[in-house]
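# Breakdown of the fold
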Amino acid sequence: MADAPDMDDSTAPLIEHLAELRTRLIRSVMAFIVGIVLAFTVAEPILQFLLGPIEETLRDLGDPSPTMQYTSPQEYLFTLFRISMVFGFALAFPVIGFQMWRFVAPGLYRQEKNAFLPFLIASPLMFFLGASFAHFVVTPLAMAFFLGFADVPSIIAGLMSGFVSPETVPDVAIPAAPETSDGIRITFFGKVNESLDITLKFIMAFGLCFQLPVLLTLMGKAGLVSAEGLANVRKYAMVGILVLAALVTPPDVITQGILFTVVYGLYEISIFLVARVEEKREAKLRAEGYYDDEDEDDLPEEDVK
């Protein structure tokens, strides 16, 4: 029975930690819900922004009035809700990250807090940089590749099929629908949700790829990787990046080359950052007397032995 007080003392901190975790999770979920509501109020302008590369590509291909469609009553609403989920999380991330930090920080030493906090700030910034690169550079190239196979602008095909009234496009010269005997006419009628999927996949893929320097530098600070080790596996990293580029990009050399160049550049930057972390760690250890400035080769032979 003498162990009973000790057991009670050990369970009390656990209950306190669980209560603290519940509080942080509730606040994070509430922030996420508020973010969803705020994002839903501007979901349609966000959708127009995300579909901007497709619109620009269609106009470049000769479509003066790009049009997209949805084929089920609930599809457009669910598309707006998906956008609200993604951007609502982005809006709530500062609050969620702060709640995570407040839960973890009490268990960290001051040096650990100072080491971890910059990475917590750099991670969303690098994700935003990668997402911007995907939307403004990669997605337009991918859309130009995919839609470059279109035979005619969708507006003309819509006029021919009766989906679009000629009065809605008075400035467009409407050709008469020619008789054809060489097969079915194939044209592009974009669906909102499928087009949004491509854009969001690019944004997520590049946003995560841009986390590479943050992840490797954090691992280097924890001693899990070294600059020399990363440099030694450089050739394997190149193969992995090539495979990644083939998986997350359309099958055209230009887009794959861009992704490979960017991610491999981030890998080289990671090696440099890990090397800087190691230099700072070594300088600190030398200052504290853990390293001897004298090289082993300069020592007398009997001392080496």
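Quick notes on the rules
- Residues numbered from 1 in each chain as written.
- Predicted model: local features only at pLDDT ≥ 70, side-chain atom pairs only at ≥ 80, totals over all residues.
- Heavy atoms only, no water.
- UniProt positions renumbered as here; feature names shortened; annotations may be inferred.
- Helix = DSSP H or I, 4+ residues; strand = E, 2+ residues; numbered from the N terminus.
- Buried < 20%, exposed > 50% of the residue type's maximum accessible area, 1.4 Å probe, protein only.
- Contact = heavy atoms within 4.5 Å.
- Areas by Shrake-Rupley, 256 points an atom, 1.4 Å probe, with all protein chains shown as cover.
- Patch = residues over 30% accessible without salt bridge, like charges linked within 9 Å, V, L, I, M, F, W, Y side chains within 5 Å.
- Salt bridge = Lys/Arg side-chain N within 4 Å of Asp/Glu carboxyl O.
- Lys, Arg positive; Asp, Glu negative; His and termini not counted.
- Charge placed at Lys NZ, Arg CZ, Asp CG, Glu CD.
- Core = buried A, V, L, I, M, F, W, Y, C linked by side-chain atoms within 4.5 Å.
- Phe/Tyr/Trp six-rings, centres within 6.5 Å; stacked < 30°, edge-to-face > 60°.
- Expected span 1.5 Å × (residues − 1).
- Arc of directions from axis to C-beta.

- By the naming in an unreviewed UniProt entry, the protein goes by Sec-independent protein translocase protein TatC and is assigned to Tateyamaria armeniaca.
- As recorded by UniProt, the Sequence similarities (unreviewed entry) comment attached to the protein reads in full: "Belongs to the TatC family."
- One UniProt comment on the protein, placed under Subunit (unreviewed entry), says "The Tat system comprises two distinct complexes: a TatABC complex, containing multiple copies of TatA, TatB and TatC subunits, and a separate TatA complex, containing only TatA subunits. Substrates initially bind to the TatABC complex, which probably triggers association of the separate TatA complex to form the active translocon."

## Digging into the overall build of the protein
- Along the backbone of the protein there are 12 helices and 2 strands.
- Its helices and strands taken in sequence order, the protein reads α-α-α-β-α-α-α-β-α-α-α-α-α-α from the N to the C terminus.
- Counting over 305 residues, the protein shows a buried share of 29%.
- Looking at the protein alone, contacts between residues at least 24 apart form 81% of all its contacts between residues at least 6 apart.
- Summing over all exposed atoms, the protein offers an accessible surface of approximately 19800 Å²; the carbon and sulfur share of this is 65%.

## Section: the UniProt feature "transmembrane region" (unreviewed entry) in the protein
- The positions that UniProt labels "transmembrane region" (unreviewed entry) are, in the present scheme, residues 29-51, 76-96, 116-138, 198-219, 231-248 and 254-275.
- Strand forms 0% of residues 76-96 and helix 100%; the C-alpha atoms that close the span are 29 Å apart.
- Counted over residues 231-248, helix gives 94% and strand 0%. Its end C-alpha atoms are 25 Å apart.

## Overview of a positive patch on the surface
- Side chains of Lys221, Lys280, Arg281 and Lys284 sit close together on the surface and give a patch of like positive charge.
- Ranked by residue count, the leading element in the positive patch is helix α11 (residues 253-287), at 3 residues.
- Secondary-structure assignment places Arg281 in helix α11.

## Focus: a nonpolar patch on the surface
- Taken together, the side chains of Leu14, Leu18, Leu21, Leu25, Phe103 and Val104 make up a nonpolar region of the molecular surface, amounting to roughly 510 Å² of accessible area.
- Broken down by secondary-structure element, the contributors of at least two residues to the nonpolar patch are α1 (4-41) and α4 (75-104).
- With 4 residues, α1 is the single largest residue contributor to the nonpolar patch.
- When you line up the elements, Phe103 lands in helix α4.

## Let's talk about the nonpolar core
- The biggest cluster of nonpolar side chains holds 34 residues, and the ones touching the most others in it are Leu47, Leu50, Ile83 and Phe206.
- Elements represented by at least two residues in this core include exactly α2 (43-50), α3 (52-60), α4, α5 (110-147), α7 (192-209), α10 (234-248) and α11.
- In terms of residue count, the dominant contributor to this core is α5 (8 residues).
- Contact partners of Leu50, with chain neighbours within four places excluded, come to Ile83, Phe87, His135, Leu196, Thr199, Leu200 and Ile203.
- Counting residues in each nonpolar core, the second largest holds 8 residues, with Val225, Leu230, Ile271 and Val274 among its members.

## Regarding the packing of aromatic side chains
- Summed over the entire model, instances satisfying the criterion amount to 7 aromatic pairs.
- Where Phe32 meets Phe89, the ring centres are 6.2 Å apart and the plane angle is 80°; that geometry is what we call edge-to-face. Remark: Phe89 occurs in helix α4 and Phe32 occurs in helix α1; sequence separation between them is 57 residues.
- Relative to Tyr264, the ring of Phe260 has its centre 5.9 Å away and its plane inclined at 10°; by these criteria the two rings are stacked.

## Here we look at α10
- Between its first and last C-alpha, α10 extends 21 Å over 15 residues, near the 21 Å set by a 1.5 Å rise per residue.
- Among the residues of α10, those classed as buried are Ala237, Ile241 and Ala245. Down the axis, α10 shows its buried residues gathered within 80° of arc, on one side only. Among the exposed residues of α10, those pointing more than 90 degrees away from its buried face are Lys235, Tyr236, Val239 and Leu247.
- The inward-facing, buried residues of α10 abut α11.

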